[in-house]
Amino acid sequence: SKLINPAFSRFHPRLNVVYTCTENIEANGQIYAYELHSDGSLTEIGHVDAGGTSTCYLTFDREQRHLIAVNYWDSSLVVIPLSKETGEFTGPIQSVYDPRQGKAMLAAAKKHGGVNHSMNDESTIAQRQVDPHSHALVLDPFEGC
């Protein structure tokens, strides 16, 4: 009931834990971790700030010691430490990649007089392309991260 606009979920590759992120262009996304029980019920085991807006993708490093989150709206990538034994978050964001280097977004959200970014007309596409937008981060399965 706490989740507002969940955008993406990812199962831990080894543990009975599922991670879900929220998507919001007004405030930073949140990432929730849930233990998955044999009866299908979930118990929240933690949540962290995603460090950016419109969090849209989650993945793990090869050693499964970090969750990497992709924030679409501001295009940032963040690394969050995990317990290898439980999958719980062990701290806040450890590292941030910001291709804008701290500069504000130029494209405005529809709520603030901007365009509806779901449309694909020329005006919308032109405004949407003013800024970078990360969609996903797919790591090489052999090299990893």
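Residues numbered from 1 in each chain as written. Predicted model: local features only at pLDDT ≥ 70, side-chain atom pairs only at ≥ 80, totals over all residues. Heavy atoms only, no water.

Visitor: Hey, could you go over the sheet that holds strand β5 (residues 55–60) for me, with residue numbers and the actual values?
Guide: Strands sit in the order β5-β6-β7-β8 across an open sheet of four strands; the sheet is antiparallel. Each edge of the open sheet carries a strand with a single partner, namely β5 and β8 (95–97). Direction aside, neighbouring strands of the sheet carry axes that sit 20 degrees apart on average. Taken together, the five bridges between strand β6 (residues 66–71) and strand β7 (residues 77–81) define a ladder with antiparallel strand orientation. Across the sheet, residue His-66 finds its bridge partner in β7, namely Pro-81. (Pairing = 2+ DSSP bridges. Helix = DSSP H or I, 4+ residues; strand = E, 2+ residues; numbered from the N terminus. Axes fitted to C-alpha atoms, helices over the stretch in contact; angles between N-to-C directions.)

Visitor: Explain the nonpolar core residue by residue, including any values.
Guide: The biggest cluster of nonpolar side chains holds 16 residues, and the ones touching the most others in it are Tyr-19, Ile-31, Leu-58, Leu-67, Ile-80, Leu-82 and Phe-89. Listing elements by their share of this core, those giving two or more residues are β2 (17–22), β3 (28–36), β4 (42–53), β5, β6 and β7. A total of three residues in this core trace back to one element, the largest contributor, which is β2. Excluding residues within four positions of it along the chain, Leu-82 makes contact with Tyr-19, Phe-60, Gln-64, Arg-65, His-66, Leu-67, Gly-87, Glu-88, Phe-89 and Thr-90. (Core = buried A, V, L, I, M, F, W, Y, C linked by side-chain atoms within 4.5 Å. Buried < 20%, exposed > 50% of the residue type's maximum accessible area, 1.4 Å probe, protein only. Contact = heavy atoms within 4.5 Å.)

Visitor: Hey, could you go over the confidence of the model for the protein chain for me, with residue numbers and the actual values?
Guide: Taken over all residues, the pLDDT of the protein chain has a mean of 84, while the share at 70 or more is 86%. Within the protein chain, the element-level pLDDT minimum falls on helix α1 (residues 122–128), averaging 74, and the maximum on β2, averaging 96. (pLDDT = per-residue confidence, 0-100.)

Visitor: So what's going on with the pattern of salt bridges? Which residues, and what values?
Guide: Under the counting rule described, the total for this entry stands at one salt bridge. The residue Lys-84 makes a salt bridge to Glu-63 at a minimum N-O spacing of 3.8 Å. Taken as a pair, Lys-84 in the loop between β7 and β8 and Glu-63 in the loop between β5 and β6 lie far apart in primary sequence, 21 residues in all. Judged by relative accessible area, which is 28%, Lys-84 ranks as partly exposed. (Salt bridge = Lys/Arg side-chain N within 4 Å of Asp/Glu carboxyl O.)

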